[in-house]
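# Structural description and commentary
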Amino acid sequence: MKSIKKSAFIFLIFILSFSCGGGGDDTPTPEENKAPEKVATLTYPTNNLLCIDNTLDFQWGASTDPNGDEVSYTIEIAAKNDFSDAETHAATSTTKTITLEKGKAFYWRVQAKDSKGLTAEYSETYQFYTEGEGEVNHVPFAPELVTPANNSNTSEVSIDLKWNTSDVDDDALIYDVYFDTANPPVTKVGNDLSEKKMNVTLSPTTTYYWKVIVKDGNGGKSIGQVWSFQTN
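Described below are features of the structure shown in this document.

Definitions and limits used
- Residues numbered from 1 in each chain as written.
- Predicted model: local features only at pLDDT ≥ 70, side-chain atom pairs only at ≥ 80, totals over all residues.
- Heavy atoms only, no water.
- Pairing = 2+ DSSP bridges.
- Helix = DSSP H or I, 4+ residues; strand = E, 2+ residues; numbered from the N terminus.
- Axes fitted to C-alpha atoms, helices over the stretch in contact; angles between N-to-C directions.
- Core = buried A, V, L, I, M, F, W, Y, C linked by side-chain atoms within 4.5 Å.
- Buried < 20%, exposed > 50% of the residue type's maximum accessible area, 1.4 Å probe, protein only.
- Phe/Tyr/Trp six-rings, centres within 6.5 Å; stacked < 30°, edge-to-face > 60°.
- Polar contact = N/O pair within 3.5 Å; in protein donor to acceptor, adjacent residues only side chain to side chain.
- Contact = heavy atoms within 4.5 Å.

A separate point is the sheet that holds strand 8 (residues 126–130). The 5 strands are arranged 2-8-7-4-5 in an open sheet whose pairing can be described as mixed. Unpaired on one side and paired on the other, strand 2 (49–51) and strand 5 (87–91) mark the two borders of the sheet. The mean angle between the axes of side-by-side strands here comes to 30°, regardless of whether they run parallel or antiparallel. Bridging between strand 4 (residues 71–78) and strand 7 (residues 105–114) involves 8 bridges; their strand directions are antiparallel. Bridge pairing in strand 7 places Tyr73 opposite Ala112.

Here you go:
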């Protein structure tokens, strides 16, 4: 009799262990959805290109998705290099035909998105120019920040402001620099500079704002966006 009760008790423990999860859960763990890879290459228009036609076949390298999801793309095209005025275009392949205004500088980048809505980082940014009617001079591209990094911090008592620019006409470029504690900066600290850098003296615990205006000597001018940094 004791043997029967003992067997029944062991059987009951065995049943309870499975009902409480003691036997393990064979349900497969759902695969984590991951964002697609960043678009690595912009094929056309190439960087700093002067486009004779204003209807362009934008082309870029394909993105891959770690989960094998279908990938689509968003193309952003802007007249400002911070993309604050960007227009967007959707594409399901790696090419898109877009007609743009003539005689303007543009900036473009691409973002990949999977079928579940996850997005990758934006590609790098390329700049190009659409030819105007009978135009002989093109305004320079807006300056690009080199150093110090935007919204960064520094403990230095002086620092070199550095930027980069380009011009499709290969004109010699000159620069005006505005540097201030006001936003936007209104104090001009550099006038008609030929170098793409300028040293400024700093005060501690201060936020500084600066921008660069680039001129080509033929009446063409581009105003850069406002950058900032803080001192410790």
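Structure's up, so let's keep going.
Quick look at the nonpolar core now. Formed by 20 residues in total, the largest nonpolar core has its most connected members in Phe58, Trp60, Ile77, Leu100, Trp108, Val110 and Phe128. When residues of this core are traced back to their parent elements, those giving at least two are strand 3 (55–60), strand 4, strand 7 and strand 8. Of all hydrophobic cores here, the second largest spans 16 residues; its members include Ile159, Tyr175, Val177 and Phe179.

This part covers the environment of Val136. Residue placement: Val136 occurs in the loop between strand 8 and strand 9 (144–147). Along the chain, Val136 and Asp169 lie 33 residues apart, while their C-alpha atoms are 8.9 Å from each other.

Tallied over the entire structure, the rule returns 11 aromatic pairs. With 6.3 Å between their ring centres and 70° between their planes, Tyr107 and Phe141 make a pair best called edge-to-face. With Tyr107 in strand 7 and Phe141 in the loop between strand 8 and strand 9, this residue pair connects regions lying 34 residues apart in the sequence. The structure contains a cluster of three or more aromatic residues connected by ring pairs, namely Phe58, Phe106, Trp108 and Phe128.

Here Asn54 lies in the loop between strand 2 and strand 3. Among the residues examined, Asn54 registers a relative accessible area of 14% and is labelled buried. Side-chain polar atoms of Asn54 contact the backbone oxygen of Leu100, separated by 2.7 Å. The contacts of Asn54, once residues within four sequence positions are left out, are Ile98, Thr99, Leu100, Lys102 and Thr130.

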